[in-house]
Amino acid sequence: MCRDEDGSIWMAHGYKGIYRIRFSSSYDSLLSVDFYGVDKGLPSSYLNNVFSANGELLFGADSGLFKYNPAQDVFERHPYFDTLIGPEVHTRYIEEDE
């Protein structure tokens, strides 16, 4: 799980997809739980992961790394990582170094 800049929690489930959980400003109740799968740009609902590097949320899938596009409410391939490690690599974890 990772938290984004607006306070939403992003959670990846290895066999279902990715969820965004939004809370009230006091964090005492849920505003919404949104599911993201193939219909929102992910290549599959399997083997998804979420992590943060360099202040950015990254979403690993069974083929490639993705970023969330809030304007269109979809996931898009991450252009930097597509050129760095390739669009078909299953990335389970990224760790930021110094």
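Residues numbered from 1 in each chain as written. Predicted model: local features only at pLDDT ≥ 70, side-chain atom pairs only at ≥ 80, totals over all residues. Heavy atoms only, no water.

**Student:** Give me the overall build of the protein: which residues, what numbers.
**Tutor:** The helix and strand tally for the protein stands at one helix and eight strands. For 98 residues, the compact-globule formula gives about 13 Å, and the C-alpha radius of gyration of the protein, at 13 Å, lands near that figure. C-alpha atoms of the protein, sized along the principal axes, occupy 40 × 35 × 25 Å. Considering the protein as a whole, with its 98 residues, one finds that 40% of them fall into the buried category. (Helix = DSSP H or I, 4+ residues; strand = E, 2+ residues; numbered from the N terminus. Rg over C-alpha atoms; globule rule 2.2 N^0.38 Å. Buried < 20%, exposed > 50% of the residue type's maximum accessible area, 1.4 Å probe, protein only.)

**Student:** Mind laying out the pattern of salt bridges, listing which residues take part and the relevant values?
**Tutor:** Across all of its chains, the model carries four salt bridges by this definition. Between D73 and R20 there is a salt bridge; the shortest N-O distance is 3.9 Å. Within this pair, whereas D73 is found in the loop between strand 7 (64-69) and strand 8 (74-77), its partner R20 is found in strand 3 (residues 17-23), the two being separated by 53 residues in sequence. Residue classification places D73 among the partly exposed positions, given a relative accessible area of 23%. Sharing partners across several salt bridges, the network here consists of R20, R22, D34, K40 and D73. (Salt bridge = Lys/Arg side-chain N within 4 Å of Asp/Glu carboxyl O.)

**Student:** Can you explain the packing of aromatic side chains? Please cite residues and give values.
**Tutor:** To describe a pair of aromatic rings, one takes the distance between the centres and the angle between the planes. Applying the stated criterion to the full structure yields twelve aromatic pairs. Measuring from ring centre to ring centre gives 4.8 Å for W10 and Y68, while their planes differ by 55°; the resulting arrangement is tilted. Here W10, found in strand 2 (residues 9-13), pairs with Y68, found in strand 7; they are 58 residues apart in sequence, far enough to count as distant. With a relative accessible area of 1%, W10 lands in the buried category. Summarising the aromatic geometry, the rings of Y36 and Y68 are spaced 5.7 Å apart at their centres and angled 80° between planes, so their arrangement reads as edge-to-face. With Y36 in strand 4 (residues 30-36) and Y68 in strand 7, the pair connects residues that are 32 residues apart, well separated along the chain. (Phe/Tyr/Trp six-rings, centres within 6.5 Å; stacked < 30°, edge-to-face > 60°.)

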